[in-house]
Amino acid sequence: MDAALALFAQDDWKFNSRLTLSGGLRWEAQNHIADHDDWAPRVSLAYALDGNGKDKKTKTVVRGGYGFFYDRFSSNNLLTINRANIQHQVVLNSPTCDSTNVTSLNAIDMTTCSSSGGTSTASVPVKYEVASGYHAPYTEQLGSSLERQLFNGTSLTLTYLHSFGVHQQVTRNANQATGGTPQNSSGGYLYQYFPEAVFKQNQVIASVNSKVTKNLNLVGFYTLSYANGNGNGSASNAYNIDQDYARSGFVTRNSLFFMANYSGPWGIRFNPFLIAQSGRPYNITLATDPLNNFFNQRPTFATASTPAADIVSTPYGQFDSAALAGETLIPANLGNGPAAVADR
């Protein structure tokens, strides 16, 4: 059974007509992980730069806040762990089997198969586990904004957000081979939910809201985002996850959204919208991954010593598909995905 408990307290202090302070404290706990004591303080303020709270209306407000926000360990991960204990999955890389003269996969005696590199055997299924000492992931977030009423019915808001993710979860192969030998002599992949990744993100957001007429309302915002981290899903190197520190794959550098809401005759509403965004980073990987079976192993930059047959030319440079000693690994998420535009 997956169980979680949380308590939260908050209060607001209105010092005067212009300044309001808010504070809160949240405590969380969850079973199935070693961490059962998570404290998340949060503070914020709102200050009116003009107005007097009486006859002069406030048009400009500055807001700011800082807080900790925890992510819970997903019940889907628990289901994956239990499923692997019930339904066995075996991964064999470039297998060789003793069965001969067979005409179908069903006729192969899988117990006779062996795997190249000693990374897995037919008798050792894939397993999943939670890392010992697992700490719940959390994000420290700092934000500030300036909101200004430009004229009656129309306001503009500029916002800055800084996020720092700590103890972010990444999946790694805890039985990753070193020198061709798995840590567990029996072989097999042992996928571990490992909470030691990080990310840093900075965002600038400009938004506008305008009530043009009693029937027409316009809303739009633009976001500029930058983020880097080493928790891009699964680790290409279980013993050095910083090897994957690069642009985060979840970030769209530029994002634009615009929507109109029009109330027409006979109760008909029209809601056209436009979404435009730049492409997300993507990983350039090799075709095989016998080391971890994540298929996120990356090539290296080709050098003068790289055999011509192993060189792959791309818009991002020439890569060596069979890395040689001394060659530099290409960065994670080196590629740029296509931009997209959608409207309705």
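Computed from a predicted structure; not experimentally measured.

## Structural notes on the pairing of strand β9 (residues 216-229)
- With 13 bridges joining them, strand β8 (residues 190-211) and β9 adopt antiparallel strand pairing. Residue Asn202 lies in a different strand from β9, and its bridge partner there is Tyr226.
- Between β8 and β9, which pair antiparallel one after the other, the connecting turn spans 4 residues.
- Across 9 bridges, the pairing between β9 and strand β11 (residues 254-263) is antiparallel. In the strand pairing of β11, Phe221 is matched with Phe257.
- Here 2 bridges tie β9 to strand β10 (residues 246-247), and the two strands are oriented antiparallel to one another. Residue Asn228 lies in a different strand from β10, and its bridge partner there is Arg247.

## Observations concerning the pattern of salt bridges
- Following the criterion strictly, the structure yields 6 salt bridges and no others.
- One salt bridge connects Glu28 with Arg26, and the closest N-O pair in it is separated by 2.5 Å.
- The exposure class of Arg26 is partly exposed, given its relative accessible area of 27%.
- With its nearest N and O atoms 3.5 Å apart, the salt bridge here joins Arg72 to Asp38. Here the residue Arg72 occupies a position in the loop between β4 (60-70) and α1 (75-86), and Asp38 occupies one in strand β3 (residues 38-48), the gap between them amounting to 34 residues.
- Looking at Asp38, the relative accessible area reads 0%, which means it is buried.

The rules behind these values
- Residues numbered from 1 in each chain as written.
- Predicted model: local features only at pLDDT ≥ 70, side-chain atom pairs only at ≥ 80, totals over all residues.
- Heavy atoms only, no water.
- Pairing = 2+ DSSP bridges.
- Helix = DSSP H or I, 4+ residues; strand = E, 2+ residues; numbered from the N terminus.
- Salt bridge = Lys/Arg side-chain N within 4 Å of Asp/Glu carboxyl O.
- Buried < 20%, exposed > 50% of the residue type's maximum accessible area, 1.4 Å probe, protein only.

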